[in-house]
Amino acid sequence: MDKTGQEGERIAKILARAGLASRREAERMIAAGRVTVNGRRISSPALNVTAADRIAVDGAPLAAADRPRLWLYHKPAGLVTTAKDEKDRETVFDKLPEDMPRVMSVGRLDLNSEGLLLLTNDGAIKRRLELPSTGWLRKYRVRVKGTPEDATLAPLREGIVIAGESFRPMEVTLDRQQGANAWLTVGLREGRNREIRRAMEAIGLTVNRLIRISYGPFQLGALKAGEVEEIRGRVLRDQLGLESPEGEATGRAKTLRPRSGSGKPAGPKAPGSKPGGARGTDQKPPGAKPARRTGGRDQEDISAPPPGRKPPRGTGGTGAARPMRRRGKAPPG
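Residues numbered from 1 in each chain as written. Predicted model: local features only at pLDDT ≥ 70, side-chain atom pairs only at ≥ 80, totals over all residues. Heavy atoms only, no water.

**Structural notes on the environment of Leu111**
Its location among the elements puts Leu111 in the loop between β8 (104-106) and β9 (114-120). Residues Leu111 and Lys75, spaced 36 residues apart in sequence, show a C-alpha to C-alpha distance of 9.7 Å. Setting aside residues up to four positions removed in sequence, Leu111 forms contacts with Lys75, Ala77, Gly78, Leu79, Val80 and Arg89. (Helix = DSSP H or I, 4+ residues; strand = E, 2+ residues; numbered from the N terminus. Contact = heavy atoms within 4.5 Å.)

**With respect to the packing of aromatic side chains**
For the coordinates displayed, the defined rule picks out one aromatic pair. Relative to Phe218, the ring of Trp136 has its centre 5.9 Å away and its plane inclined at 80°; by these criteria the two rings are edge-to-face. Of this pair, Trp136 sits in the loop between α4 (123-130) and β10 (138-145) while Phe218 sits in strand β16 (residues 218-219), and the two are 82 residues apart along the sequence. Residues Trp136 and Phe218 agree in their burial class; the two are buried. (Phe/Tyr/Trp six-rings, centres within 6.5 Å; stacked < 30°, edge-to-face > 60°. Buried < 20%, exposed > 50% of the residue type's maximum accessible area, 1.4 Å probe, protein only.)

**Here's the deal with the pattern of salt bridges**
All told, the structure shown has 16 salt bridges when counted by the stated rule. As a salt-bridge pair, Arg89 and Asp85 come within 2.9 Å of each other at their nearest N and O atoms. Residue Arg89 is classed as partly exposed on the basis of its relative accessible area, which comes to 32%. For Asp110, the salt bridge is made with Arg197, and the minimal N-O distance between the two is 3.2 Å. Residue Asp110 is found in the loop between β8 and β9, and its partner Arg197 is found in helix α6 (residues 195-202); the two are separated by 87 residues along the sequence. (Salt bridge = Lys/Arg side-chain N within 4 Å of Asp/Glu carboxyl O.)

As structure tokens, then:
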């Protein structure tokens, strides 16, 4: 309860839910004196507020909270995942479609990494998806310089220690050798800084391309570089156990194109690619329904299994989920 004896929620949580910032960032904003409640400036996040309270940030009234939303974004290489870069480099937020609302990234991909980046307008969802306890598997296609054998990768599967830092076991598959490079599929449940690159360096391999193809049940599929696609509310609720809001729209979500001059795929395409985004899901927590999403059929799918490997049962060959198609209807041929 707050000072008036009414029940409420912590002010930082309200700011995060409004999509203004993550809870941690909201706490810093409060400490900096940027937030007022009922005309009085506050300096501590230890305050509960209710719908009757008037909240303002930097003098502007706090907008009503939108429903929790989640987007898939195909991050191109060469962009940093931060709201503002100290070196004045282009960020993913500089290149998002202009009609996107304010969003936050779920975790990060470094400058030279590409692929699936989740975006949300809800700080609570961001925090929940980033927690190690969530345990969702994140999969990457990784191109390394060298000719590794299966035994070369064994230390990564067992768990490796680098400069006194212990890394949890990774799922590593040697897909194919392509000239001086080899393609691997790597799965991990942690998100440490440059984890895959550092681990590969420790066993004598240099990463020259890294593409994230899935984050838990959410998959990149055939989404083009620079494009953004929203996960339907029903799918998001199924995966995160959220309550169904009243009056939620049930139509198809649309794919948003990148801003002019952005979104071109960097470098060569990954091997074993096939057009289209078929149904399926990488993996999901117990009891969760598969996440689905629409993928275009006019570009190759870098999440497809390499030649010679059979696709997982039920994925239709690409493993890309499609939330926009109803169950039982096959994608167009």
